[in-house]
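# Structure at a glance
Chain by chain, the residues run as shown.
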Amino acid sequence: MANNKKIIRKASLVIISILVMLTCAVSTISIWENRIENQFPTWEKVSDIEYRNFESNPDVEMRFTGIDFDVELPNGKHADMVLVDVNVKTPDGAGFEYCHAVDYLYKDEWYNVYSMYTGIAAAPGVRGNFHDVMEFPVPCGLFAKDGTYRMFIGGFGSFDIDIIGMEDV
């Protein structure tokens, strides 16, 4: 009878030890996955002074107007579409490049969280005195974290995006 109690006690200790180790492993994985740099497609500190050759065009005003979530693209993939109210205030029009980037403000530093460069050298143009809402694709869920973002559009410039309440959804 005493041997049975010892066996039960040892088995209980082994089971408790395994459960403690599993809990620690799950906690460690959870902490790693919740690190800020693991919540975005890229995480690279950027400098405002020498930022990827994005220059602001003084003749172009941009304003963030919203996001269309989970849009199916012509290639069958899905993306979130950033909606940007673009106003070109010159009769000469403006050229823009097929590239855009999104940064996230974290602890008073900007970090690039997404960049799309197609490598196309030719810049399309928009006619003079152009005003329309343009769409720019980003990975689905890019704006899932609340905070301040900024988006750069090659040839046009940049604008801020404040996201509040997405983490509650």
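The rules behind the values
- Residues numbered from 1 in each chain as written.
- Predicted model: local features only at pLDDT ≥ 70, side-chain atom pairs only at ≥ 80, totals over all residues.
- Heavy atoms only, no water.
- Helix = DSSP H or I, 4+ residues; strand = E, 2+ residues; numbered from the N terminus.
- Buried < 20%, exposed > 50% of the residue type's maximum accessible area, 1.4 Å probe, protein only.
- Salt bridge = Lys/Arg side-chain N within 4 Å of Asp/Glu carboxyl O.

### Brief notes about the environment of Ile-153
Within the secondary structure, Ile-153 is located in strand β9 (residues 147-153). Judged by its relative accessible area of 0%, Ile-153 is buried. Separated by 56 residues in sequence, Ile-153 and Glu-97 place their C-alpha atoms 7.3 Å apart.

### Observations concerning the pattern of salt bridges
Applying the stated rule across the entire model yields 4 salt bridges. For Glu-109, the salt bridge goes to Lys-45, with nearest N and O atoms at 3.5 Å. With Glu-109 in strand β6 (residues 109-117) and Lys-45 in strand β1 (residues 44-45), the pair connects residues that are 64 residues apart, well separated along the chain. The class for Lys-45 is exposed, based on a relative accessible area of 51%. Here Arg-63 ties to Asp-85 by a salt bridge, and the two come within 3.0 Å at their closest N and O atoms. Placement of Arg-63 in strand β2 (residues 60-72) and of Asp-85 in strand β3 (residues 78-88) is noted, with a sequence separation of 22 residues between them.

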